[in-house]
Amino acid sequence: MPTAVLIANPSASQFTGGGFRQIRATLSRAYELTTEWPVAPHETESLTAAAARAGVDAVFALGGDGVTHHVANALVDTDTALGLIPVGTTNVLARILGIPSKPT
């Protein structure tokens, strides 16, 4: 089974516990999933970079543009895929890419 890390930001404006549980359950059907709860931007990048070095197949950014930014930066020049689950206020990148605003 492919592996993935879910980097979650519970401070994102549209984050809910119920939504998180549903997203985690959905991803767990397709991935051996680990969840991380960073408390600062540098920790987001550090956890993402460590996941990429460990060879995970994907890192999912669950949050807004800030979490997306830090996860994406840490994945540059790696083979790890980026997954976006927009639950922020504006979600600019997700909008540009046509990703639905409701993750469930």
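Details of the structure are given in the entry above.
Each value, and the rule that gives it
- Here the residue numbers are simple positions, counted from 1 along each chain's written sequence.
- Totals for whole chains, interfaces and linings use all residues, but because this is a predicted model, local features are given only for residues with pLDDT of at least 70 and pairs of side-chain atoms are given and counted only at 80 or more.
- Side-chain numbers here rest on the full set of heavy atoms in the structure, without hydrogens or water.
- Runs of E in the DSSP output that reach at least two residues are strands. Runs of H or I that reach at least four are helices, and both are numbered from the N terminus.
- What a helix should span is 1.5 Å times the count of its residues minus one.
- Three labels apply to residues, based on accessible area from a 1.4 Å probe with only protein chains included: buried if under 20% of the type maximum, exposed if over 50%, partly exposed otherwise in between.
- The arc refers to the directions leading from the helix axis to the C-beta atoms.
- By definition in these notes, contact holds between two residues if any of their heavy atoms fall within 4.5 Å.

Focus: helix α1 (residues 17-30)
The terminal C-alpha atoms of α1 lie 21 Å apart, and with 14 residues this matches the ideal 20 Å at 1.5 Å per residue to within 8%. Three or more residues of α1 are buried, namely Gly19, Phe20, Ile23 and Leu27. Angularly, the buried residues of α1 cover 100° about the axis, an arc narrow enough to put them on a single face. Considering only its buried residues, α1 is in contact with β1 (3-8), β2 (32-36), β3 (58-63) and β4 (81-86).

With respect to the side chain of threonine 48
On the secondary structure map, threonine 48 appears in helix α2 (residues 41-53). You can call threonine 48 buried: its relative accessible area is 0%. What threonine 48 contacts, discounting residues up to four positions off in sequence, is Ile7, Val59, Val71, Ala74 and Leu75.

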